[in-house]
Amino acid sequence: MAHAAVAEVGDHQVAAIPVGNDTARNHSRTGILRTLSLIPGFAYILVLFVIGALMLPDPRATLIALGPFKLSWVEIILLLSAVIASAEILKVSEPGVDNTGAVIAMGLVAVIQFGLVIASLYDQKFAIFKTTESLMMLIINGVQTYVAFRINSRSLVRTIAGGSVTG
């Protein structure tokens, strides 16, 4: 376990907390779980979206009815998109850990999704991505990537500077 070192500098105290890949991530996964954890969560959402688009003739038809609440596939996939985006942001917010690779992977999924939406405008083979829900998922994914990049970079700057960073 890493311990903080506190030193007095002038009339204030400075704390140095050693955090890095060895101390913060000693709970490493092995095997298939490690490989699956490296894939951004939105890639799984895209796969689910494609499966749902191919299997369900009407994605807006009620899929689950819980009393007065009726959920369609579109609502479920958008809800999952928002939840996964939030979880992915939490994944890169660990102070002192460089998660730039994970953020770049998230951005790569967003670029692929953007390409699929643009391709749907010009080629009928990509028609399943020419939908409002696909565009909404793209916006959620883009915002998630931007926020994750900002959080990761601020976390790293704060760790390097040893204090609070604003702006």
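See above for the structure.
Each value, and the rule that gives it
Throughout this document, residue positions are counted from 1 along each chain, in the order its sequence is written. In keeping with the model being predicted, local features are shown solely for residues with a pLDDT of at least 70 and side-chain atom pairs are shown and tallied solely at 80 or more, while totals for entire chains, interfaces and linings include all residues. Think of the side-chain values as coming from all heavy atoms in the structure, minus any hydrogens and water. Whenever a carboxyl oxygen of Asp or Glu lies within 4 Å of a side-chain nitrogen of Lys or Arg, that contact is scored as a salt bridge. Each helix is a run of H or I in the DSSP string that is no shorter than four residues. Each strand is a run of E no shorter than two, and both are numbered from the N terminus. Each residue is assigned to one of three classes by its accessible area relative to the maximum for its type, calculated with a 1.4 Å probe on protein chains only: buried under 20%, partly exposed between the two thresholds, exposed over 50%. The term nonpolar core refers to a set of buried residues drawn from Ala, Val, Leu, Ile, Met, Phe, Trp, Tyr and Cys, joined through side-chain atoms within 4.5 Å. In what follows, residue pairs with any heavy atoms lying within 4.5 Å of each other are defined as contacts.

Re the pattern of salt bridges
Proximity of charged atoms lets side chains of opposite charge pair with each other.
Then step 1. Scanning the model with the defined rule gives 3 salt bridges in all.
Then step 2. Between arginine 60 and glutamate 133 there is a salt bridge, with its nearest N and O atoms 2.8 Å apart. Here the residue arginine 60 occupies a position in the loop between helix H3 (41-55) and strand E3 (62-66), and glutamate 133 occupies one in helix H6 (residues 132-161), the gap between them amounting to 73 residues.
Then step 3. Here glutamate 133 falls in the buried class, since its relative accessible area comes to 5%.
Then step 4. Among the ionic pairs, lysine 91 bridges to glutamate 88, the shortest N-O distance being 3.5 Å. Of this pair, lysine 91 and glutamate 88 both sit in helix H4 (residues 73-91), 3 residues apart, which is roughly one turn of that helix.

Examining the nonpolar core
Here is a general trend for soluble globular proteins: nonpolar side chains tend to be buried in one another's company.
Then step 1. Listed in full, the 11 residues of the largest apolar core are Phe42, Ala43, Ile45, Leu46, Phe49, Trp73, Ile77, Ala85, Val109, Phe129 and Met137.
Then step 2. With 5 residues, H3 is the single largest residue contributor to this core.
Then step 3. For phenylalanine 42, the residues in contact, after removing those within four places along its chain, are Ser81, Ile84, Ala85, Val109, Gln113, Met137, Ile140, Asn141 and Gln144.
Then step 4. The next biggest cluster of nonpolar side chains, apart from the first, holds 5 residues, and it includes Ile89, Val92, Val103 and Ala148.

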